[in-house]
Amino acid sequence: MTIDFYTNPMSRGRIIHWMLEELGQPYETHWIAYGAHKAPDYLAVNPMGKFPTLVHDGKVVTECAAICMYLADVFPAAGLAPTPEEKADYYRWILFAAGPVEQAVTAKSMGWIAPKEKEGTLGFGNYENTIAALDAMLRDREYVCGKRFTAADVYVGSHVGWGIQFGTIAKTPAFEAYFDRLKERDAYKRQVTLNDAKMAEMRPPAAAT
């Protein structure tokens, strides 16, 4: 089995890099610079020219939530897929983060605020209610599915970590405690080291003064 992983260190590819490190399977990383992501060779793999892209035994998988769920399913020995009892929380909260949370955070960062009477037409309703729902879920559990780490935590945890780091999600006690647990994982630390080193390498040199 071959896993080819296409990414850039300043992209959502960090989510999948973490997932791959948790998986424990060999994979090949293809670092793509911005600019090259619109080149014909990469567009042949992912016509959107977006990061990340996974190619597993010739099958292309895009979208971070889909990649996390796919890898957990295809490599069950890693223990990242849900048990039957965990499936409801697992699918609910991965897709809640992929849909309402990402939409709400993006809309707020862009200054897109719907009139109150139009909130019912939006998949997330409003930012405040969306973030409050995620916060409430994490107040009384260690991980998304309860006491056990799963692929849901790679995806949901990445949204929480990114959000509290860059101020798009409030630093509530539940969010901070949750991400404090996640960032101590060895796989998470490895992906940070790999991506930070590559980011420094790929960054254009400062102009001479």
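The structure we're discussing is the one just above.
In this report, we go over the structure that sits alongside the text. (Residues numbered from 1 in each chain as written. Predicted model: local features only at pLDDT ≥ 70, side-chain atom pairs only at ≥ 80, totals over all residues. Heavy atoms only, no water.)

The subject of this paragraph is the pattern of salt bridges. What the rule picks out here adds up to 13 salt bridges. Close ionic contact of arginine 12 with glutamate 102 constitutes a salt bridge, the shortest N to O distance being 2.5 Å. Taken together, the residues arginine 12 in the loop between β1 (3-7) and α1 (13-23) and glutamate 102 in helix α4 (residues 87-110) connect sequence positions 90 residues apart. Of the residues examined, arginine 12 reaches a relative accessible area of 45% and is grouped as partly exposed. A salt bridge links arginine 148 to glutamate 86, with the nearest nitrogen and oxygen atoms 2.7 Å apart. Here arginine 148, found in the loop between α5 (127-139) and α6 (151-166), pairs with glutamate 86, found in the loop between α3 (64-74) and α4; they are 62 residues apart in sequence, far enough to count as distant. (Salt bridge = Lys/Arg side-chain N within 4 Å of Asp/Glu carboxyl O. Helix = DSSP H or I, 4+ residues; strand = E, 2+ residues; numbered from the N terminus. Buried < 20%, exposed > 50% of the residue type's maximum accessible area, 1.4 Å probe, protein only.)

Let us look at the side chain of glutamate 119. Position of glutamate 119 among the secondary structure elements: in the loop between α4 and α5. Setting aside residues no more than four positions away along its own chain, glutamate 119 makes contact with Gly125 and Asn126. (Contact = heavy atoms within 4.5 Å.)

Ranked by size, the top nonpolar core spans 54 residues in total, and within it Met19 and Leu134 carry the most contacts. Those elements that provide at least two residues to this core are β1, α1, α3, α4, α5, α6, α7 (173-182) and α8 (186-202). If you tally residues by element for this core, the top one is α4, at nine residues. With sequence-adjacent residues up to four places away left out, leucine 134 is seen in contact with Trp93, Phe96, Val101, Val156, Val160 and Phe175. Ranked by size, the runner-up nonpolar core spans five residues in total, among them Tyr6, Ile32, Phe51 and Val55. (Core = buried A, V, L, I, M, F, W, Y, C linked by side-chain atoms within 4.5 Å.)

Looking now at the packing of α3 against α4. It is at 10 Å that the axes of α3 and α4 come closest, and there the two elements cross at 155°. Classified by the angle their axes make, α3 and α4 are roughly antiparallel. Facing α3, whose interface residues are Ala65, Cys68, Met69 and Ala72, α4 presents Tyr90, Tyr91, Ile94, Leu95 and Ala98. (Axes fitted to C-alpha atoms, helices over the stretch in contact; angles between N-to-C directions. Parallel < 35°, antiparallel > 145°, perpendicular 65-115°, else oblique.)

Among the five residues of β1, five are classified as buried, and the element is accordingly described as predominantly covered. Going residue by residue along β1, you find Ile3, Phe5 and Thr7 tucked away on one face and Asp4 and Tyr6 tucked away on the opposite face as well. Sheet topology note: the β1/strand β3 (residues 53-56) ladder contains four bridges and is antiparallel. Within β3, the position partnered with isoleucine 3 by the bridge is histidine 56. In this sheet, strand β2 (residues 28-31) lies alongside β1 in parallel orientation, the contact comprising four bridges. Opposite threonine 7, over in β2, you have tryptophan 31 as the bridge partner. Between β1 and its parallel partner β2, the chain crosses via α1, and the hand of that crossover is right-handed. (Pairing = 2+ DSSP bridges. Right-handed = clockwise from strand over helix to strand, strands pointing away.)

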